[in-house]
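# Summary of structural features
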Amino acid sequence: VNIKQHRRDVNLTLPFGQESRRQDDIFYHVHIPKVAGISFSQDALDLLTAKGLRLISREGCFAHPGLPDPQPRDRLVMIRNPAAHVLSQFNFCRYGIGVREYIREVTPPSDAPLPKLFQDWVHAWTTLKSRGWSCNCTPSADRVHAFGYWENFMRKYRMDSWSKPPWALPEDKKLNESSWPELDGGGTVFHHVKVPFRSYVPIDMQSQRMACKYAMEFTNEINMSVAFQNLDQAFHIGVVEAYQSSLCILYAKINDKLPAFCDCRDQSKWQTFVGTQVNTADDMEATDTMKIESIGDVPQELRKLVDGLTYRDQQLYDRAWARLVREARWVEARHGVKVLCDEAQPARYPLRKDS
């Protein structure tokens, strides 16, 4: 693998012929919703700040991080199995504590509510896609309900969080609600007030975020040439299904020495990794017996519909996995440490571990 290596004033080892950088350079983590974003942003923040580098993490487009914009130089992106991604989107909207209440409150009585079942939600979006649904769904700064409890709570709570790392730089000023459409990149679940069901849009969301100019602008076609180009040019691409390996590859690009937990051939060391876990199933109400916990439990006929909603994302995922494998081999050649022991791309619908 021909990957150029450059050592600069902060001892950054950069594949792909990156230019030199200053120690105060800022990285933009393109946080695609429900792709281990908060977990990765915290783990990456710890790594980068230790080297004098800075990070912002936003749920915006690859092209633009929203406001405030410190004009970050390089991008970090995590990509996820598209089928599992769609299920995670629904479960977060349907069962996420606070999120489900927010969605119910901002949905007008005249509009269809978020379906209670995953299969109904997938069928509904499949119908919308077949009808050529598109939307410039960028919300206004105005609230849907002037006195809505959950909208008021979530706006204040999220703006307080977004004013701190990893969403903002320490020196950033207090956020202004008048900038709401672009805060945190403008693409969080709380920005979806003009979208059907007030939920995430499961139509190739990962590709859309890699190619869009505005996070809440949805078009019939996604420019996959732009999405692929951005994926190839990003400083780092990780994959959720190989989270630990992805983080270790980032370590290799930043540091001369890898942590002991990056050696996948030594399971005793590998298992010492303790990453950040946020918005896991333990954070969500799971009393509904109809809830689908694993994408492997989705019936065959429904899988076809999920695949129809995410065929572009599958192309993106294939490309991301191929890059992950290349870079893992680069790490092994440079450090003598194997960070990815199984190079086979994970199954789209894996069997459950207890099956």
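Analysis parameters
Counting from 1, residues in each chain are numbered in the order their sequence is written. A pLDDT threshold of at least 70 governs which residues receive local features in this predicted model, and a stricter bar of 80 or more applies before side-chain atom pairs are shown or counted, although totals over entire chains, interfaces and linings include all residues. Heavy atoms from the whole structure form the basis of all side-chain values; hydrogens and water molecules are not counted. Secondary structure follows DSSP: runs of H or I at least 4 residues long count as helices, runs of E at least 2 residues long count as strands, and numbering of each begins at the N terminus. Partly exposed residues are those whose accessible area sits between 20% and 50% of the maximum for their type, while under 20% is buried and over 50% is exposed, using a 1.4 Å probe and protein chains only. The contact criterion used is simple: two residues touch if any of their non-hydrogen atoms lie within 4.5 Å. In these tables, accessible area is a Shrake-Rupley quantity obtained with a 1.4 Å probe, and a residue counts as shielded only by the protein chains included in the view. In summary, the pairing rule links any two rings of Phe, Tyr or Trp, Trp by its six-membered ring, whose centres are within 6.5 Å, and it sorts them by plane angle into stacked for under 30 degrees, edge-to-face for over 60 and tilted for everything else. Lysine NZ or arginine CZ positioned within 6 Å of the ring centre and within 35 degrees of the ring normal marks a charge as sitting over the ring. One number per residue, pLDDT, summarises how confident the predictor is, and it ranges from 0 to 100. Pairing between strands is defined by DSSP: at least two bridges between them are needed. Throughout, an axis means a line fitted to C-alpha atoms (over the contacting stretch in the case of helices), and angles, computed between N-to-C directions, take values from 0 to 180 degrees. We define the nonpolar core as a collection of buried residues of types Ala, Val, Leu, Ile, Met, Phe, Trp, Tyr and Cys that are connected through side-chain atoms lying within 4.5 Å of one another. The salt bridge definition used is simple: a Lys or Arg side-chain nitrogen within 4 Å of an Asp or Glu carboxyl oxygen.

Turning to the overall build of the chain, a few remarks are in order. Counting its regular elements, the chain contains 11 helices and six strands. For the chain, buried positions account for 55% of its 355 residues. Relative to all contacts within the chain whose residues are 6 or more apart in sequence, the contacts with residues 24 or more apart total 75%. By element, 49% of the accessible surface of the chain is carried by carbon and sulfur atoms, the whole surface being about 16,000 Å².

Moving on to the packing of aromatic side chains. For the structure shown, the criterion picks out 18 aromatic pairs. Here the aromatic rings of Phe92 and Tyr200 are separated by 6.4 Å at their centres, their planes lie at 20 degrees, and the arrangement is stacked. Of this pair, Phe92 sits in helix H2 (residues 82-95) while Tyr200 sits in the loop between helix H5 (149-162) and helix H6 (205-211), placing them 108 residues apart in sequence. Assessed through its relative accessible area of 10%, Phe92 is described here as buried. Between the aromatic rings of Phe118 and Trp121, the centroid separation amounts to 6.3 Å while the plane-to-plane angle is 35 degrees, which identifies the pairing as tilted. With Phe118 and Trp121 both in helix H4 (residues 118-130) and three residues apart, this pair spans about one turn of that helix. In this pair, the class of Phe118 matches that of Trp121, namely buried. Each member of the aromatic cluster is reached from another via a ring pair, and the members are Phe40, Tyr243, Tyr251, Phe261 and Phe273. Taking NZ or CZ as reference, Arg75 lies 5.6 Å from the ring centre of Phe62, over its face. Above the plane of the ring of Trp167 lies Arg158, whose end atom (NZ or CZ) is 5.4 Å from the centre.

This paragraph deals with the confidence of the model for the chain. Fine structural detail should not be taken from predicted coordinates in areas where pLDDT scores are low. Confidence along the chain averages 90 in pLDDT terms, with 90% of residues attaining 70 or more. In this model residues 1-13 is a low-confidence stretch, pLDDT under 50, and it forms 43 contacts with partners more than four residues away in sequence or in other chains. Scored below 50 in pLDDT, residues 16-21 makes 24 contacts in the model with residues more than four places away or belonging to other chains.

A separate point is the sheet that holds strand E1 (residues 26-30). Read across the sheet, four strands follow the order E2-E1-E3-E6 without closing on themselves; strand pairing throughout is parallel. Two strands close off the open sheet at either side, each with one partner strand: strand E2 (54-58) and strand E6 (236-239). Adjacent strand axes in the sheet meet at a mean angle of 20 degrees, parallel and antiparallel pairs treated alike. Alignment of E1 against E2, held across five bridges, turns out to be parallel. The residue bridging Val30 from the neighbouring strand is Arg58, located in E2.

Counting residues in each nonpolar core, the largest one holds 102 residues, and the members touching the most others are Phe118 and Trp125. Here the element with the most residues in this core is helix H11 (residues 311-335); it accounts for nine residues.

Of all six residues that make up strand E3 (residues 74-79), six are buried, and the element is covered over most of its length. By the alternation rule, side chains of E3 split into Asp74, Leu76 and Met78 and Arg75, Val77 and Ile79, which are all buried. Here E1 pairs with E3 via four bridges, running parallel. Note on E3: the bridge partner recorded for Val30 is Val77. Sheet topology places E3 next to E6; four bridges connect them, and they run parallel. Paired with Met78 across the bridge in E6 is Gly238.

Time to look at the pattern of salt bridges. Overall, the coordinates contain 19 salt bridges when judged by the stated rule. Note that Lys269 and Asp266 form a salt bridge whose closest N and O atoms lie 3.9 Å from each other. Given the relative accessible area of 38%, Lys269 is considered partly exposed.

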